[in-house]
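A closer look at the structure
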Amino acid sequence: MGGQAKWRKAEIEELKRQSPEEAAVWRQMQNDKRSVAFGINPESLDIAVPAAMARALSALFNEAKRTGDIDPPVTLLYTTINATVRGLSDVPVACKKGCSHCCYTWVSVTAPEALSIAKIIKRRGDATIEKIRLAYQQTKDYDFDARTQHPRPCPLLEEDLCSIYDARPKVCRLAASGDAEICARTFHNITDENLPMPVMHVTARGAYAIVMTAALRHAGLPYHAYEFNAALTRALETVSFRQACMGLKTRPPDYRVADGTSPEPAPLRGITTCGLPPLLEEGAGRKPLSPRHAVLCEVQ
Ligand code: SF4
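Residues numbered from 1 in each chain as written. Predicted model: local features only at pLDDT ≥ 70, side-chain atom pairs only at ≥ 80, totals over all residues.

1. Focus: the overall build of the protein chain
Where we set the bar: Per the convention used, a helix needs a DSSP run of H or I reaching at least four residues, while a strand needs a run of E reaching at least two, with both numbered from the N terminus. Exposure classification rests on a simple neighbour count of other C-beta atoms within 10 Å of a residue's own: a residue reaching 20 or more is buried, one at 12 or fewer is exposed, and one in between is partly exposed. C-beta atoms are placed from the backbone.
Helix and strand counts for the protein chain stand at 13 helices and 4 strands. For the protein chain, the proportion of its 300 residues judged to be buried stands at 35%.

Right, dumping it as structure tokens:
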């Protein structure tokens, strides 16, 4: 049986298991996934692909609430962004392997991305977890503007390479610069120049931010962007996406009372429906961005 026939058979089996309503949603999602196979084209004015992307993501977020597995929507997001970036390969950029100046600034991330990356970090063990916590301690007092005066490397940067390259956040995937020397000066707080950024990458970043916002809102999940170190630290304390969505009780790993006994898990105060409390003050990180900062940040 050929690949197409096998796929069709699996689709029929899946549809047989579902109610008519579920089948309609599932069929729509398959169509939407096919529509976004080549990614959002930032040069196109056609909103069909962004709309399909938002629908497919929203369906997968709803599914994640049921299964507790946040990876499928995050994987679709990243696969689709990769397709968009491949479509922009003829746009000249100064970025190349080993160039990491933009990894020294504020990075924005959504809650599902943070929860998905946190799973990878947990598998790496205590040393990596400690690195994230330390980075958060070093950066937590800086708001978006102050952070530019205090460049700090991303805790996941190792020898100028991203140690979670295949799982890096969407803003990192769509970061692009026209001049690496200006990056070197601005991201290390030596000068305050405007960074030349390819308009197609900026447009694509905006499109994916809007799509992600729409999908999360539609699925009833928080749609804010969080500072990366803070979101990861918070996500590392969250056992699972299912738990995060349900707002169940949890306890940070180092939470112990003085006599060494473990108290009953305390509800996380300020928890959102996705388990990440608003790590930023209302409105923080959503100010108009200067071109210098916008390379790794997004307005949602
Ligand atoms: S996640 Fe990777 S690409 Fe993004 S800032 Fe950190 S090291 Fe750089």
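2. Thoughts on helix α9 (residues 180-187)
Helical periodicity: at 3.6 residues per turn, an α-helix aligns residues three or four positions apart in one direction. Where we set the bar: The arc in question is the one spanned by the directions pointing from the helix axis to the C-beta atoms.
Every buried residue of α9 is accounted for by C183, T186 and F187. The buried residues of α9 occupy an angular sector of 85 degrees when projected down its axis, which confines them to one face. With its phi angle positive at about 60 degrees, N189 sits one or two positions after the end of α9.

3. Structural notes on the site of the ligand
Applicable threshold: Residues are counted as near a molecule or strand when the C-beta atom, derived from backbone positions, lies within 6 Å of that molecule or strand. Throughout this entry, Asp, Glu, Lys and Arg are counted as charged residues, while Ala, Val, Leu, Ile, Met, Phe, Trp, Tyr, Cys and Pro are counted as nonpolar. The remaining residues, Gly among them, count as polar.
Every residue near the ligand is listed here: C103, V107, C154, L156, L157, C162, I164, R168, P169 and C172. Its residues placed into classes, the shell around the ligand shows 9 nonpolar, no polar and 1 charged.

4. Brief notes about unusual backbone geometry
Despite not being glycine, D160 has its phi angle at roughly 65 degrees, a positive value. By secondary structure assignment, the location of D160 is in the loop between β2 (157-158) and β3 (161-162). Unlike most non-glycine residues, N189 shows phi in positive territory, near 60 degrees. For N189, the position within the fold is in the loop between α9 and α10 (199-218). A residue is classified by how many C-beta atoms lie within 10 Å of it, and N189, with 14 of them, is partly exposed.

5. Notes on the nonpolar core
Buried together is how nonpolar side chains tend to be arranged in soluble globular proteins. How we decide: Joined through C-beta atoms within 7 Å, a set of buried Ala, Val, Leu, Ile, Met, Phe, Trp, Tyr and Cys residues constitutes a nonpolar core. Where each domain begins and ends is defined by an automated method or by a domain database. Note that contacts rest on C-beta atoms placed from the backbone: two residues are in contact if these are within 7 Å.
Of all hydrophobic cores here, the largest spans 63 residues; its most connected members are M53, A56, L57, A114, Y208, A231 and L232. Where this core is concerned, the elements lending two or more residues are α3 (48-67), α4 (71-87), α5 (111-124), α6 (126-139), α8 (170-173), α9, α10 and α11 (228-236). The residue makeup of this core includes at least three contributed by each of domain 1 (17-87) and domain 2 (101-249). Discounting residues that sit within four places of it in the chain, Y208 has contacts with I40, I81, K170 and L174.

6. Side note on helix α1 (residues 3-17)
Worth spelling out the cut-off: By this rule, a helix spans an expected 1.5 Å times one less than how many residues it contains.
Here α1 contains 15 residues, and its C-alpha end-to-end distance of 22 Å stays within 8% of the 21 Å for a straight helix at 1.5 Å per residue. For α1, a buried count of 0 out of 15 residues is recorded, marking the element as mostly open to its surroundings.

7. Section: the confidence of the model for the protein chain
Selection criterion: Values of pLDDT, the confidence the predictor places in each residue, fall between 0 and 100.
Looking at the protein chain, pLDDT values average 81 and 80% of them are 70 or higher. Note that residues 247-300 has pLDDT below 50 and, in this model, 104 contacts with residues that lie over four places away or in other chains.

8. Side note on the environment of C154
On the secondary structure map, C154 appears in the loop between α7 (144-149) and β2. In sequence terms C154 and S100 are 54 residues apart; their C-alpha atoms lie 9.6 Å from each other.

9. Observations regarding the packing of α4 against α5
In plain terms, the rule: Lines are fitted to the C-alpha atoms to define the axes, a helix being fitted only along its stretch in contact, and any angle between axes, read from their N-to-C directions, falls within 0 to 180 degrees. If an angle is under 35 degrees, it is roughly parallel; if it is over 145, roughly antiparallel; if it lies from 65 to 115, roughly perpendicular; otherwise it is oblique.
Remark: α4 packs on α5, axes separated minimally by 10 Å, with the N-to-C direction vectors making an angle of 105 degrees. Here α4 lies roughly perpendicular to α5, going by the angle between them. In contact with D71, P73 and V74 of α4, α5 contributes P112, E113 and S116. Residue classes in the contact of α4 with α5 are distributed as 3 nonpolar, 1 polar and 2 charged.

10. Digging into the packing of α5 against α11
Threshold: With the far helix as reference, a near helix turned anticlockwise by less than a right angle produces a left-handed crossing, and one turned clockwise produces a right-handed crossing.
Contact geometry of α5 with α11 gives a least axis separation of 8 Å together with a crossing angle of 65 degrees. Crossing geometry of α5 relative to α11 is assigned as right-handed. Across the interface between the two elements, A111, A114, L115, I117, A118, I121 and K122 of α5 pack against A231, L232, A235 and L236 of α11. For the contact of α5 with α11, the residue count by class is 10 nonpolar, no polar and 1 charged.

11. A few points about the environment of A37
Relative to the helices and strands, A37 is located in the loop between α2 (20-35) and α3. As a C-alpha pair, A37 and V49 span 12 residues in sequence and 9.4 Å in three-dimensional space.

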